[in-house]
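Report on the structure
Listed below are the residues making up each chain.
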Amino acid sequence: MLFPTSLVGSYPQPDWLIDRKRLASRLPPRVRARELWRVDPAHLEEAQRDATLLAIRAQEQAGLDIITDGEMCRESYSNRFATALDGVDIDNPGTILGRTGQPNPVPRITGPIWRRHPVEVNDLKFLRANTTRIVKITVPGPFTMALQAQDDFYGSTETLALAYADAVREEIRDLFAAGADIVQLDEPWLQANPDRARRYGVKAINRALEEVAGTTAVHLCFGYAAIVHDRPAGYSFLSELAACHADQISIETAQSGLDCSVLADLEGKTIILGVLDLSDMAVESPETVMARVEQALPYVPPGRVVLAPDCGMKYLPRDVASGKLAAMTAAAARLRAGQGC
């Protein structure tokens, strides 16, 4: 199928599950933020599964071809995995500056990073059991996690990133064994830290993907639109991902007005093309989405384009999210018809 459609990862969580107003009023949590959940801990897992099923059905109803779990069980895209590892002190967190320049509590690294057990495999199994469509699940990338932590053990952010990569690799292998079709590494901090990214970003990603059998993706963006409002017109780190082992590269174009000619540098990669502007609560028309896709087609063959939002939809109202997804799938159908499919 040409122009398949997908989420980047997250879908809006119901307000009966998580305190959305409180979530939106703070930086994305890097340590655990259990106070955000509205449901009693004794019933939280059941409630999260119910919300996941609603997210799956919403994606199917919108017509998406590739389905995620919507990240219903997570307080942020990264903290659920990052705080489940050995070597991390989450009870006595450190502090770093977030992408907005504000201080944010983060995991403090006090020993060797080690994955003691699978973290997201049950999420993947639930997703796989509840849809017949292609399924994708996301894992925070090693480069980003290393910069979202206070290192009191390794003495080198590069060494820390490579340790995270080993833990991520074990998780990815288990996710594919459990039935994942696509596993995506979320690496937004590649864009925010291009100098470090050039030194060891691809190295960390490739270590995480060593001897991994399955379709893999890397997502990088300029941050959630609800939190990061000023966006540059182009990526400071993107072409370099031509050297990474991932099959797919997920980027945003709608919010930043990206010059898509840069995509010519990623020859051979499938591009997960962000075509929904998540800073605008107005639902795009299919024609607007088609125009954004067509800007990329001189540089990427139609057979290597996946349509997606610019980033995770976590902070959007659910009616806005569903409307935008429906516009995207309508645009994909028209684009296929235009290609004679």
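What counts, and where the lines are drawn
- Residues numbered from 1 in each chain as written.
- Predicted model: local features only at pLDDT ≥ 70, side-chain atom pairs only at ≥ 80, totals over all residues.
- Heavy atoms only, no water.
- Axes fitted to C-alpha atoms, helices over the stretch in contact; angles between N-to-C directions.
- Helix = DSSP H or I, 4+ residues; strand = E, 2+ residues; numbered from the N terminus.
- Parallel < 35°, antiparallel > 145°, perpendicular 65-115°, else oblique.
- Left-handed = near helix turned anticlockwise from the far one by under 90°.
- Contact = heavy atoms within 4.5 Å.
- Nonpolar A, V, L, I, M, F, W, Y, C, P; charged D, E, K, R; others polar.
- Buried < 20%, exposed > 50% of the residue type's maximum accessible area, 1.4 Å probe, protein only.
- Pairing = 2+ DSSP bridges.
- Phe/Tyr/Trp six-rings, centres within 6.5 Å; stacked < 30°, edge-to-face > 60°.
- Lys NZ or Arg CZ within 6 Å of the ring centre and 35° of its normal.

Regarding the packing of helix 9 (residues 286–294) against helix 10 (residues 318–338)
- At a closest axis distance of 8 Å, the pairing of helix 9 and helix 10 adopts a crossing angle of 60 degrees. The pairing of helix 9 with helix 10 is recorded here as oblique in orientation. Classified by chirality, the crossing of helix 10 by helix 9 is right-handed. Of helix 10, the residues touching helix 9 (which contributes Pro 286, Glu 287, Val 289, Met 290, Val 293 and Glu 294) are Ala 327, Met 328, Ala 330, Ala 331, Arg 334 and Leu 335.
- Its residues placed into classes, the contact of helix 9 with helix 10 shows nine nonpolar, no polar and three charged.

Side note on the pairing of strand 6 (residues 182–186)
- With five of five residues buried, strand 6 lies mostly within the body of the structure.
- What you see with strand 6 is no split at all: Ile 182, Gln 184 and Asp 186 on one side and Val 183 and Leu 185 on the other are buried throughout.
- The pairing of strand 4 (residues 134–140) with strand 6 spans five bridges and is parallel. Counterpart to Lys 136 in the pairing with strand 6 is Ile 182.
- Relative to strand 7 (residues 215–219), strand 6 runs parallel, the two being bridged by five bridges. Within strand 7, the residue paired with Gln 184 across the bridge is Ala 217.

Overview of the packing of helix 6 (residues 157–177) against helix 8 (residues 194–208)
- At a minimum axis distance of 8 Å, the contact between helix 6 and helix 8 shows a crossing angle of 25 degrees. It follows from the interaxial angle that helix 6 and helix 8 lie roughly parallel. Handedness of the helix 6/helix 8 crossing: right-handed. Between helix 6, through Thr 157, Glu 158, Ala 161, Leu 162, Ala 165, Asp 166, Val 168, Arg 169 and Ile 172, and helix 8, the contact on the second element is made entirely by Arg 196, Tyr 200, Lys 203, Ala 204, Arg 207 and Ala 208.
- Grouping the constituent residues of the contact of helix 6 with helix 8 by class yields eight nonpolar, one polar and six charged.

Section: the side chain of Glu 171
- Relative to the helices and strands, Glu 171 is located in helix 6.
- Looking at Glu 171, the relative accessible area reads 0%, which means it is buried.
- Leaving out residues up to four positions away in the same chain, Glu 171 has contacts with Phe 81, Arg 115, His 117, Pro 118, Val 119, Glu 120, Val 121 and Val 139.

Describing the sheet that holds strand 9 (residues 270–274)
- In spatial order, the strands read 1-4-6-7-8-9-10; together these seven strands make up an open sheet with parallel pairing. Looking at strand neighbours, the two that pair on one side only are strand 1 (66–67) and strand 10 (305–308), the edges of this open sheet.
- Sitting on the sheet, helix 6 touches strand 4, strand 6 and strand 7, and the angle it makes with strand 6 is about 155 degrees.

Section: the packing of aromatic side chains
- A complete count under the given rule lists five aromatic pairs for this structure.
- The structure contains a cluster of three or more aromatic residues connected by ring pairs, namely Tyr 77, Tyr 224 and Tyr 315.
- Above the plane of the ring of Phe 126 lies Arg 49, whose end atom (NZ or CZ) is 5.4 Å from the centre.

Any functional reading would require information that these geometric values do not contain.
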